[in-house]
Number of protein chains: 2
Amino acid sequence: MTTTPTRALNGVDTDTLFATIDAVRNQPELARFQFRTSTEWISGTHNRTTIGGFHGAGGEHEHKQSYTVDADHPAVLVGQDDAPTPAEHLLQALGSCLTSGLANIAAARGIELGEVTARVEGDIDLRGILGISDEVRNGFQDIRVTFHVSGAAEAEKLARLVHQARDRSAVFDVLTHGVPVTVDVATA
Amino acid sequence: MTTTPTRALNGVDTDTLFATIDAVRNQPELARFQFRTSTEWISGTHNRTTIGGFHGAGGEHEHKQSYTVDADHPAVLVGQDDAPTPAEHLLQALGSCLTSGLANIAAARGIELGEVTARVEGDIDLRGILGISDEVRNGFQDIRVTFHVSGAAEAEKLARLVHQARDRSAVFDVLTHGVPVTVDVATA
C-alpha cells in the first residue's frame with residue numbers, strides 16, 4: 001500500500017483546496033456562509049468585538065477559539081488610543097483578504113512564494129464624520145494597496161497573482177462595489 | 001482661582017470633542033487624515049497586519065503602541081483557523097465604527113449610556129471567490145447590524161443615537177457607497 005503525500009505549497013494544502021472547490025461545484029448550497037461579529041461598548045470610543053461562530057458548508061462552526069478585536073480612536077480624535085481605529089481595521093481587512101487569496105492562488109498555480117507584504121493607505125477628510133460639512137463624505141475618498149511579492153517565478157507571473165487576488169477578493173468587492181447594509185435597533 | 005472640571009460623559013471628554021470640532025471648522029486642512037496598515041504574509045492564508053503611524057491634524061502621529069492584527073481562514077476553508085477571517089474583520093470594522101460614533105454622539109447630546117452591543121451578520125456565497133460562478137459576487141450580498149442600547153433616555157432617543165451613528169460612520173459610508181481602490185505591485 002502506498003499513500004499520496006498531501007501537497008502543501010506556501011502552507012496551502014492544495015489537494016484539499018481543489019477537493020473543496022469540487023465539492024462546492026457539485027453542491028452549491030455548501031457555499032452559503034454567514035459570518036457574525038458582536039461588538040460591546042467599553043468606554044468612550046473604545047469597544048471590543050467578539051468573533052466566535054459562523055455558518056457555512058451546510059452547518060454551524062465555531063472557530064477553534066473565540067477571538068476578540070479592540071478598536072478605539074487616537075488621542076488627536078479625543079479617544080484613549082487603546083487600539084487601532086475602526087477605519088484602520090477596514091484597511092487591515094482589505095490587506096489581509098488580498099494576501100490570503102494571493103497565497104491560495106500561488107499554491108494553486110504551483111508558485112512558491114518568498115515574502116509578501118501589502119501596504120494599504122486610505123485618505124479621509126474628517127469634516128464628514130465631524131458633521132462640519134455635508135459636502136464631504138464620511139468615509140475614505142481613496143484607498144491604495146501596494147504589494148511587494150517575491151517568489152520562484154518571473155515578475156510578470158507574480159504580478160498576475162496580485163491581480164487575480166484582487167479579482168477574487170471578498171473585501172475588495174464590497175469596498176469597490178458597495179453592499180446593502182441595514183442598521184436596526186432591537187426593541188427589548 | 002477656579003478651574004472648570006472636564007466633563008466626561010460615557011468616557012468621552014466632551015469639552016475636548018467640541019473644541020476639536022471648532023478647531024477643524026476654523027482650519028479645515030486639519031481634517032485631512034491618512035490611515036495606513038501593512039500586512040505581512042506568514043503561511044497559507046495566515047497573515048499579520050501592523051498598524052503604527054498615521055497622518056492627521058496637520059502632522060504625523062504614532063499610536064501609543066504599534067498594534068498587530070492577525071487573519072486566517074478556518075479549517076473548512078482550508079486554513080489553519082489561527083485568527084478571524086478577513087471577512088469577519090470587515091464586519092468588526094463596521095460594528096466598532098458605529099459603536100465608537102454612538103458613544104460620542106450620546107455624550108454630545110448629554111445621554112448617559114448603559115450597555116451597548118452591535119451584532120453584525122453578513123451573508124456571502126463563496127462560489128464567487130472560489131471561481132465557480134461568475135454570476136455570484138465575491139463579497140457579502142447583505143449585511144445586517146442589530147443594536148441593543150440601554151441608557152438614561154427614552155427608547156426613541158436611544159434609537160436616534162443609532163441612526164445618527166449610522167449617518168456619520170466612515171465604515172458604513174464606504175461599505176454602502178463604495179470607494180475607489182487601486183491595487184498595484186511594486187517593481188523592486
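Just so you know, the residues in each chain are numbered from 1, in the order the chain's sequence is written. Naming scheme: in the order in which they are written, chains are lettered from A and ligands are numbered from 1. Given that this is a predicted model, residues contribute local features only at a pLDDT of at least 70 and side-chain atom pairs are listed and counted only at 80 or more, while totals for whole chains, interfaces and linings are drawn from all residues. Side-chain calculation: all heavy atoms of the structure are included, whereas hydrogens and water are not.

What follows concerns the overall build of chain A. Here a helix means four or more residues in a row that DSSP labels H or I, a strand means two or more in a row labelled E, and each is numbered from the N terminus. A count of helices and strands for chain A gives four helices and eight strands. Helices (α) and strands (β) of chain A occur, in sequence order from the N terminus, as β-β-α-β-β-β-α-β-β-α-α-β. A principal-axis box enclosing the C-alpha atoms of chain A has dimensions of 70 × 45 × 30 Å. Every accessible area reported is derived by Shrake-Rupley at a probe size of 1.4 Å, with residue values counting cover from the shown protein chains alone. With an accessible surface of roughly 8200 Å², chain A has 47% of that area assigned to carbon and sulfur atoms.

Turning our eyes to something else, we now look at empty space enclosed by the protein. In this approach a probe as big as a water molecule rolls over the atoms, and the regions it shows empty are the leftover space. The method works on a 1 Å grid over the protein atoms by themselves. A cavity is a set of points holding a 1.4 Å probe that cannot get out, a pocket is an open set with protein on both sides within 12 Å along at least five of seven lines, and residues with an atom within 4 Å of a point line them. Grid points are joined across faces, edges and corners, and a volume is the space filled by probe spheres set on the points. Enumeration according to the criterion identifies one cavity of 30 Å³ or more in this entry. Of the pockets and cavities examined, the largest cavity occupies roughly 40 Å³. Together, Gly11, Val12 and Asn104 of chain A together with Ser43, Gly44, Thr45, His46, Asp72, Val78, Gly79 and Gln80 of chain B line the largest cavity. Among the residues forming the lining of the largest cavity, the class breakdown is two nonpolar, eight polar and one charged. Amino acids outside the nonpolar list (Ala, Val, Leu, Ile, Met, Phe, Trp, Tyr, Cys, Pro) and the charged list (Asp, Glu, Lys, Arg) are all regarded as polar, and Gly is one of them.

So, on to the packing of aromatic side chains. We call Phe, Tyr and Trp rings a pair once their centres come within 6.5 Å, taking the six-membered ring for Trp, and we label the pair stacked below 30 degrees between planes, edge-to-face above 60, and tilted otherwise. In total, this model carries six aromatic pairs over all chains according to the counting rule given. For the pair Phe33 of chain A and Phe54 of chain A, a centre-to-centre distance of 6.2 Å together with 15 degrees between the ring planes defines the contact as stacked. Here Phe54 of chain A lies in strand E4 (residues 46–56) and Phe33 of chain A lies in strand E3 (residues 32–43), a separation of 21 residues in the sequence. Phe33 of chain A gets classed as buried once you look at its relative accessible area, which sits at 5%. Exposure remark for Phe54 of chain A: the relative accessible area of 2% places this residue in the buried category. Seen in terms of ring centroids, Phe35 of chain B and Phe54 of chain B are 5.6 Å apart; in terms of plane orientation they differ by 40 degrees. Their pairing is tilted. Here the residue Phe35 of chain B occupies a position in strand E3 (residues 32–43), and Phe54 of chain B occupies one in strand E4 (residues 46–56), the gap between them amounting to 19 residues. Site record: aromatic cluster; members linked through ring pairs are Phe33, Phe35 and Phe54 of chain A. Each residue's exposure class comes from its accessible area (1.4 Å probe, protein chains only) as a fraction of the maximum for that residue type: buried when under 20%, exposed when over 50%, partly exposed otherwise.

Looking now at the relation of the copies chain A and chain B. For this overlay, a least-squares fit was computed on C-alpha atoms, restricted to residues scoring pLDDT of at least 70 in both copies. Rotating chain A by 180 degrees and moving it 0.0 Å along the rotation axis overlays it on chain B with an RMSD of 0.0 Å. The two molecules are tied by a two-fold rotation axis, judged by turn and shift. Minimal C-alpha distance to the rotation axis in chain A is attained by Gly178 of chain A, lying at 2.2 Å. Of the interface residues in chain A, 100% have counterparts in chain B that sit at the interface too, so the contact is made through matching surfaces. The criterion used for residue contact is that any of the two residues' heavy atoms lie within 4.5 Å.

We define a nonpolar core as any set of buried Ala, Val, Leu, Ile, Met, Phe, Trp, Tyr and Cys residues linked to one another through side-chain atoms lying within 4.5 Å. Core analysis: the biggest nonpolar cluster contains 92 residues, and Leu175 of chain A together with Leu175 of chain B have the highest contact counts within it. For this core, the element with the most residues is helix H2 (residues 86–108) of chain B, which contributes 12 residues. With residues near it in sequence (within four places) discarded, Leu175 of chain B still touches Leu90, Val174, Leu175, Gly178, Val179 and Val181 of chain A together with Leu90, Leu94 and Ile143 of chain B. Counting five residues, the second-largest nonpolar core is a separate cluster that includes Val12, Ile21 and Ala107 of chain A together with Val78 of chain B.

Attention now goes to the packing of H2 of chain B against helix H4 (residues 170–177) of chain B. All names here are of chain B. At their nearest, the axes of H2 and H4 sit 7 Å apart, and the two run at 135 degrees to each other. Accordingly, the angle class assigned to the pair H2 and H4 is oblique. Between H2, through Leu90, Ala93, Leu94, Cys97 and Leu98, and H4, the contact on the second element is made entirely by Ala170, Val171, Phe172 and Leu175. Partitioning the contact of H2 with H4 into residue classes produces nine nonpolar, no polar and no charged. Structural elements are reduced to axes, namely lines fitted to C-alpha atoms, with helices fitted over the stretch in contact, and the angle between N-to-C directions of any two is expressed from 0 to 180 degrees. Working definition: roughly parallel below 35 degrees, roughly antiparallel above 145 degrees, roughly perpendicular at 65 to 115 degrees, and oblique for all remaining angles.

Once that is clear, we can look at unusual backbone geometry. All names here are of chain B. Although it is not a glycine, Val78 adopts a positive phi angle of roughly 65 degrees. With respect to the element layout, Val78 can be found in the loop between strand E5 (59–71) and H2. Classification of Val78 by relative accessible area gives buried; the value is 11%. Although it is not a glycine, Asp81 adopts a positive phi angle of roughly 60 degrees.

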